[in-house]
Amino acid sequence: MKSFFVALIVISFGLIAGYTTMAHADAAVTYCDCILKPIDTDAKHAACSKMTELLGAQERSAERRACLENVPVPAGGPDVCFCMKSRSKDPALRKTCQSMLKTLSNSQFMSKSRECIYK
């Protein structure tokens, strides 16, 4: 039974690696690029679609969570867009982001979230 799960994991990683490599060849795209950045070209859309099709619901969820937990902090420190995208586990970053987002009105929040989509 244990060897079955090991084989399943190996096959999954092999498939993911194969499609990630194919996506890189197609559009130099990582799965996190698909999650965190606009899909603004046909090539990126195709690469993201291939990677997404490969993953099951749990794998997609885990990959998405990993991407959101590791959003790079902007050079000038966290900003509203970073805070809207990030799900960092760093307590200091979380507190800073919560404080920053609490200052926004509902309309500012909606406006900023639309703006952040394209960053």
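Residues numbered from 1 in each chain as written. Predicted model: local features only at pLDDT ≥ 70, side-chain atom pairs only at ≥ 80, totals over all residues. Heavy atoms only, no water.

Attention shifts here to the overall build of the chain. When helices and strands are tallied, the chain shows seven helices and zero strands. Seen in sequence order, the chain has helices and strands lined up from the N terminus as α-α-α-α-α-α-α. A buried classification covers 21% of the 119 residues belonging to the chain. In the structure as shown, the chain presents an accessible area of about 8200 Å², 61% of it carried by carbon and sulfur atoms. (Helix = DSSP H or I, 4+ residues; strand = E, 2+ residues; numbered from the N terminus. Buried < 20%, exposed > 50% of the residue type's maximum accessible area, 1.4 Å probe, protein only. Areas by Shrake-Rupley, 256 points an atom, 1.4 Å probe, with all protein chains shown as cover.)

What follows deals with the pattern of salt bridges. Applying the stated criterion across every chain yields a total of three salt bridges. The closest approach of N and O atoms between E69 and K89, which form a salt bridge, is 3.7 Å. Note that E69 is positioned in helix α4 (residues 57-69) and K89 in the loop between α5 (80-85) and α6 (91-102), a separation of 20 residues in sequence. Residue E69 is classed as partly exposed on the basis of its relative accessible area, which comes to 24%. Between K112 and E115 there is a salt bridge whose closest N-O contact spans 3.0 Å. Taken as a pair, K112 and E115 lie in helix α7 (residues 106-117) at a separation of three residues, close to a single helical turn. Of the residues examined, E115 reaches a relative accessible area of 38% and is grouped as partly exposed. (Salt bridge = Lys/Arg side-chain N within 4 Å of Asp/Glu carboxyl O.)

Right, let's talk about the nonpolar core for a bit. Core analysis: the biggest nonpolar cluster contains eight residues, these being V29, Y31, C34, A47, C48, M51, L55 and C67. If you list the elements that add at least two residues to this core, you get α2 (31-36) and α3 (42-54). With three residues, α3 is the single largest residue contributor to this core. Setting aside chain neighbours within four positions, we find C34 in contact with V29, I39, C48 and M51. Ranked by size, the runner-up nonpolar core spans seven residues in total, among them L68, V71, F82 and C97. (Core = buried A, V, L, I, M, F, W, Y, C linked by side-chain atoms within 4.5 Å. Contact = heavy atoms within 4.5 Å.)

Per the counting criterion, the structure on display carries four disulfides. In this model C32 forms its disulfide with C67; the gap between the sulfur atoms is 2.0 Å. The sign of the S-S torsion, about -90 degrees, decides the handedness of the disulfide formed by C32 and C67: left-handed. With C32 in helix α2 and C67 in helix α4, this pair connects stretches of sequence that are 35 residues apart. (Disulfide = S-S within 2.5 Å.)

Functional significance is not addressed by these values, which are geometric in nature.
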